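# Tertiary structure, described
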Amino acid sequence: LDLATRAVSFVNIGVCMVACAQLALDPHSYEAVVDLEQAAFNSSPTRDFFLLVVSGYMIYDAVVLVAYARLIGDPLMLVHHAVVVIGLQVGVRFQAATFYISVLFVNEFSTIFLNIRYILLYAGRSHEAVYVTNGLALLVSFFLCRMCMITALVVHAAYAWWVLAFVRGLYWTRPVSDRFLFGGLTLLLVVHYVLNIFWFLKIVEHARRGLRRSMPKEKVR
């Protein structure tokens, strides 16, 4: 089962790579970086398409997590998937904050090394140098693709809140539904951030233990 889900995960990673390339060419992406109202309250056809495609994978993976909860054993993964699926569906349905959601596609690049880690475990190579090397690659990619990227998004969203709500006052002129949506999706982004901080700390600890095991032990004289 786990190897099958890893194979599907690799397909999703490929989709996210294509999405990142397409979004990099989408002029709406650059507009949303500088136009805070565009980032908070608008979307684009390219974003909507890829968000719905990835939403299908996340729903599939959430079903697997529920069906095999005793085997997987990490309830936070289900919380994460629920947060992502709600964000994807609500953002596309109501055309709100999809800029922030779509940038999270970059997060999936670190999943490559997470999947390789499980493959190496199944192959019985957890005590080899390749496992340690992959662990370090996971640590670095998780930091760059998740921690740095999500931190940037949280800062951007916080700045958008400050400018739109308190500097320009545009937030209060929007319909109540828009205000509720942007507030709710910002909260989901923060929850996503906290979950990734927790997992990053676990990866750091795992890498530290792996390095200690791989270091040659000094002979006792």
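Analysis parameters
Residues numbered from 1 in each chain as written. Predicted model: local features only at pLDDT ≥ 70, side-chain atom pairs only at ≥ 80, totals over all residues. Heavy atoms only, no water. Helix = DSSP H or I, 4+ residues; strand = E, 2+ residues; numbered from the N terminus. Buried < 20%, exposed > 50% of the residue type's maximum accessible area, 1.4 Å probe, protein only. Phe/Tyr/Trp six-rings, centres within 6.5 Å; stacked < 30°, edge-to-face > 60°. Lys NZ or Arg CZ within 6 Å of the ring centre and 35° of its normal. Core = buried A, V, L, I, M, F, W, Y, C linked by side-chain atoms within 4.5 Å. Contact = heavy atoms within 4.5 Å. Axes fitted to C-alpha atoms, helices over the stretch in contact; angles between N-to-C directions. Parallel < 35°, antiparallel > 145°, perpendicular 65-115°, else oblique. Left-handed = near helix turned anticlockwise from the far one by under 90°. Nonpolar A, V, L, I, M, F, W, Y, C, P; charged D, E, K, R; others polar. 1 Å grid on protein atoms, 1.4 Å probe; cavity = no way out; pocket = protein on both sides within 12 Å on 5 of 7 lines; lining within 4 Å. Points joined across faces, edges and corners; volume = space filled by probe spheres on them.

### Observations concerning unusual backbone geometry
The backbone of glutamine 95 shows a phi angle near 55 degrees, a positive value even though the residue is not glycine. Following the sequence through the fold, glutamine 95 ends up in the loop between helix H6 (75-94) and helix H7 (98-103). A positive phi angle, near 55 degrees, is found at alanine 97, a position not held by glycine. Inspection of the secondary structure assignment puts alanine 97 in the loop between H6 and H7. With relative accessibility at 4%, the residue alanine 97 sits in the buried group.

### Some words on the packing of aromatic side chains
Under the counting rule described, the total for this entry stands at 11 aromatic pairs. Their ring planes at 70 degrees and their centres at 5.2 Å tell us that phenylalanine 99 and tyrosine 100 sit as a pair that is edge-to-face. Grouping residues by exposure puts phenylalanine 99 and tyrosine 100 together as buried. Ring geometry for tryptophan 161 versus tyrosine 171: centroids 4.7 Å apart, planes at 50 degrees, classification tilted. Taken together, the residues span a long stretch of sequence, with tryptophan 161 in helix H9 (residues 129-167) and tyrosine 171 in the loop between H9 and helix H10 (176-214) at a distance of 10 residues. With a relative accessible area of 6%, tyrosine 171 lands in the buried category. An aromatic cluster is built from Phe41, Phe99, Tyr100, Trp161, Tyr171, Trp172 and Phe182, whose rings are joined through pairwise contacts. The ring centre of phenylalanine 94 lies 4.9 Å from the NZ or CZ of arginine 93, which sits over that ring.

### Considerations on the nonpolar core
One finds Tyr100, Leu164, Phe182 and Leu189 to be the most contacted residues of the largest nonpolar core, which totals 36 residues. Mapped by element, the contributors of at least two residues to this core are helix H3 (36-41), H7, H9 and H10. Excluding anything up to four places from it in sequence, leucine 164 contacts Leu36, Glu37, Ala40, Phe41, Gly169, Leu170 and Tyr171. Core analysis: the next-biggest nonpolar cluster, separate from the first, contains 15 residues, Leu23, Leu51, Val85 and Phe105 among them.

### Thoughts on the packing of helix H1 (residues 2-24) against helix H8 (residues 111-122)
Here H1 crosses H8 at 160 degrees, and the two axes come no closer than 10 Å. By the criterion of interaxial angle, the relationship of H1 to H8 is roughly antiparallel. Viewed along their axes, H1 and H8 form a crossing whose handedness is left-handed. Within the contact between the two elements, H1 uses Asp2, Leu3, Arg6, Ser9, Phe10, Ile13 and Met17 and H8 uses Thr111, Ile112, Leu114, Asn115, Ile116, Tyr118, Ile119 and Tyr122. Grouping the amino acids of the contact of H1 with H8 by side-chain chemistry returns 10 nonpolar, three polar and two charged.

### What about the layout of surface pockets?
Here the largest pocket defines a volume of roughly 930 Å³. Elements supplying a minimum of two residues to the lining of the largest pocket: H1, helix H4 (45-67), helix H5 (69-72), H6, H8, H9 and H10. It is H8 that provides the largest number of residues to the lining of the largest pocket, a total of six residues.

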